[in-house]
Amino acid sequence: MSENAPTPAEPTLQRHFGLWQATALNVTMIVGAGVFATIPFMVKELPGPYALLGWVIGALLMFFDGMIWSELGATMPGSGGTSLYLLESYGPKKMGRAMSFLFIWQFLISGPLEIGSGLIALATFARNLTPGFQKFDERLSFNKTLAISEPRHVFGIDIEPMDVIGVGTSPAQWLSFGLGILVIFLLYRRITTLGRLTVLLWLGVLAAMGWILMEGAVRFDPKVVFSFSGAPATGPGNFAHKLSATMFLAMYSYFGYYSVCYIGDEVRAPGKTIPRSIFLSVLIVGIMFVGLHLALVSVVPWREIPTDDEKLKSFSLSAEFMQRIYGDGSRAATLITLLLIGSCFGSVFAGMLGYSRIPFGAARQGHFFSVFGAVHPRHRIPHVGLFLVGALTLFWSFFDLQNVITALIVTRILEQFVAQIIGVMILRRTQPDRPRPYRIWLYPLPCLLALAGWLFLYVTSGIVFILLGLATLTLGIGAFLLWANATKTWPFVGPASVEA
């Protein structure tokens, strides 16, 4: 065979995501179960109008952090998102390898945890479809908890020692598991089809919010919503801690405003599309979530929302909202439940689409197993990464939702958000002449504000969760050193080899 014979062209990703499809991806990832599940807990922590501070200040943090994502995404529009940004910012031949590895390490925990929370919430909503199904689910449920000798206070929720780590199965959970498999099946096709599916799911997600917003708008009563009588009259005690608890809930609900950055190789005109889609998503979701909060508490006054943890576990604010408008036994509550299930499904769809590109991008850069860098020859998608993320997501879907939320936020702040903020500042200093289609406005002020916001959440999360995050980071460092030694890469090579 001739040495000069042409080799077959390697399959590459195609750029098919425009501004609206990219925005649809971000918004669909954001608008899942979080917004509908977190409002009662926010009202419990900060009573009355004070609860809105969680959404507003959380949106400001999202806006400032979105600037960091926008500059990095526009400057380096490749698959992998954070993995690519950390690699380049900290040095691709030295420290960047460690930072990229540590992100993938925490991603293998936090990414599927985040997507899995959508399947867990889907199962929760499914239990309320009919009284008969709820009884059937309770009869066949199996739950197991791991005892921890010390009670904890997480995001404003008191968790008893026997409720720390929960695993279980039920018909509703198996239903959500089956829908998770369906998501993987839907994503196993060309990206041109995925763009259209994302927009379609986006419309379904917005239907639930639009219905509640319209019903709440015609019944809006500022005297009810902004009443400061009772507990809010003197202001909430321990304000910093309670604000932190509501911001945790808000940021969990906001997660996903950066999803487009994970598919940079598949975005048209990424230098413009990525920043615009992020800012448009922040604006849309910030207004929607505040509006949704106002709409719900206009019909269900904040004083009538349960504050007892046991009652909150079975309390659906959206279903109560519809029952008060249309009466008990109406189909409106069932319909809104179906829309919420669709919302969870759309969130899982968008999350798995974006996160499946992370191991792909890392593998292409030589920082993860090479098999995950494969592109399907016909569908032109990173199919191995899709199956990896999908399998891990399905695994976490059998765990307790509160455990999942806690774990994903603790493991993500340092290794992703803080690392990126420092990284974009390092890149500005080490590569000042690098083309930047988008540059952070009023730099470095937004970086410092975003850094302060994330560190505030981290240090107020509680000593147990700080230790959990540090333990995860320490194990990641150990795993990196073992991997680097096995592959004979930095720091286990000499200076001459590193520069080669």
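So, how was this worked out
- Residues numbered from 1 in each chain as written.
- Predicted model: local features only at pLDDT ≥ 70, side-chain atom pairs only at ≥ 80, totals over all residues.
- Heavy atoms only, no water.
- Helix = DSSP H or I, 4+ residues; strand = E, 2+ residues; numbered from the N terminus.
- Buried < 20%, exposed > 50% of the residue type's maximum accessible area, 1.4 Å probe, protein only.
- Contact = heavy atoms within 4.5 Å.
- pLDDT = per-residue confidence, 0-100.
- Expected span 1.5 Å × (residues − 1).
- Salt bridge = Lys/Arg side-chain N within 4 Å of Asp/Glu carboxyl O.
- Axes fitted to C-alpha atoms, helices over the stretch in contact; angles between N-to-C directions.
- Parallel < 35°, antiparallel > 145°, perpendicular 65-115°, else oblique.
- Nonpolar A, V, L, I, M, F, W, Y, C, P; charged D, E, K, R; others polar.
- Patch = residues over 30% accessible without salt bridge, like charges linked within 9 Å, V, L, I, M, F, W, Y side chains within 5 Å.
- Areas by Shrake-Rupley, 256 points an atom, 1.4 Å probe, with all protein chains shown as cover.
- Core = buried A, V, L, I, M, F, W, Y, C linked by side-chain atoms within 4.5 Å.

Colleague: Help me understand the overall build of the protein chain in this model?
Modeller: Looking only at helices and strands, one finds 20 helices and four strands in the protein chain. In the protein chain, buried positions account for 56% of the 500 residues. Counting contacts in the protein chain only where the partners sit at least 6 residues apart, residues at least 24 apart contribute 82% of the total.

Colleague: Explanation requested: the confidence of the model for the protein chain in the structure shown.
Modeller: Predicted coordinates in regions of low pLDDT should not be interpreted in detail. Chain-level pLDDT for the protein chain is 80 on average; 80% of the residues reach the 70-or-more range. Model confidence for the protein chain, summarised as mean pLDDT per element, is weakest for strand S3 (residues 157–159) at 42 and strongest for helix H3 (residues 52–75) at 96. Contacts for the low-pLDDT stretch residues 154–164, under 50 throughout, to residues beyond four places or in other chains number 40 contacts.

Colleague: Would you mind showing me how to read helix H2 (residues 34–45) here?
Modeller: Every α-helical turn comprises 3.6 residues, leaving residues that sit three or four positions apart pointing alike. Across its 12 residues, H2 extends 16 Å between first and last C-alpha, which sits within 8% of the 16 Å expected from 1.5 Å per residue. Looking at H2, one finds that the buried residues are Gly34, Val35, Phe36, Thr38, Ile39, Pro40, Phe41, Met42, Val43, Lys44 and Glu45.

Colleague: Explain the pattern of salt bridges to me, please; I cannot follow it from the model alone.
Modeller: According to the stated counting rule, one finds seven salt bridges in the structure shown. Among the ionic pairs, Arg428 bridges to Glu71, the shortest N-O distance being 2.9 Å. Taken together, the positions of Arg428 in helix H17 (residues 401–430) and Glu71 in helix H3 put the pair 357 residues apart, joining distant regions of the chain. Like Arg428, the residue Glu71 is buried in the burial classification. Across the pair Glu304 and Arg324 runs a salt bridge, and its minimum N-O distance is 2.5 Å. Pair noted here: Glu304 is in the loop between helix H11 (270–299) and helix H12 (309–313) and Arg324 is in helix H13 (residues 317–326), with a separation of 20 residues, a long-range link. Looking at Glu304, the relative accessible area reads 43%, which means it is partly exposed.

Colleague: Would you mind going over the packing of H2 against helix H10 (residues 239–254) with me for this structure?
Modeller: In helix packing, the relevant descriptors are the interaxial angle and the interaxial distance, both defined with respect to the helix axes. The geometry of H2 relative to H10 is characterised by a closest axis approach of 9 Å and an angle of 175° between their N-to-C directions. Taken as axis vectors, H2 and H10 run roughly antiparallel relative to one another. Contacts from Gly34, Val35, Thr38, Phe41, Met42 and Glu45 of H2 reach H10 at Lys242, Ala245, Thr246, Leu249, Ala250, Tyr252 and Ser253. Class assignment of the residues belonging to the contact of H2 with H10 gives a composition of seven nonpolar, four polar and two charged.

Colleague: Got a minute to help me understand a nonpolar patch on the surface in this structure?
Modeller: A surface patch of nonpolar side chains, amounting to about 430 Å² of accessible area, comprises Trp441, Leu442, Leu445 and Leu449. Exposure remark for Trp441: the relative accessible area of 44% places this residue in the partly exposed category.

Colleague: So what exactly am I meant to see when it comes to unusual backbone geometry here?
Modeller: Most of the time, phi is negative for any residue but glycine, and the peptide bond is trans. The amide bond that connects Tyr443 to the next residue, Pro444, takes the cis arrangement and shows omega of 5°. Structurally, Pro444 can be placed in the loop between H17 and helix H18 (445–459). With an omega dihedral of 10°, the bond running from Trp490 to Pro491 counts as a cis peptide bond. Position of Pro491 among the secondary structure elements: in the loop between helix H19 (463–487) and helix H20 (495–499). For Ala269, which is not glycine, the phi torsion reads 45° and is therefore positive. Residue placement: Ala269 occurs in the loop between H10 and H11.

Colleague: In this structure, what is going on with the nonpolar core? I would like to understand it.
Modeller: Soluble globular proteins tend to bury their nonpolar side chains together. Within the largest apolar cluster, 129 residues are counted, with the highest numbers of intra-cluster contacts made by Phe289 and Trp454. Here Trp454 is in contact with Leu61, Asp65, Met251, Phe255, Tyr257, Ile413, Phe417, Val418 and Ile421, once residues within four sequence places are set aside.

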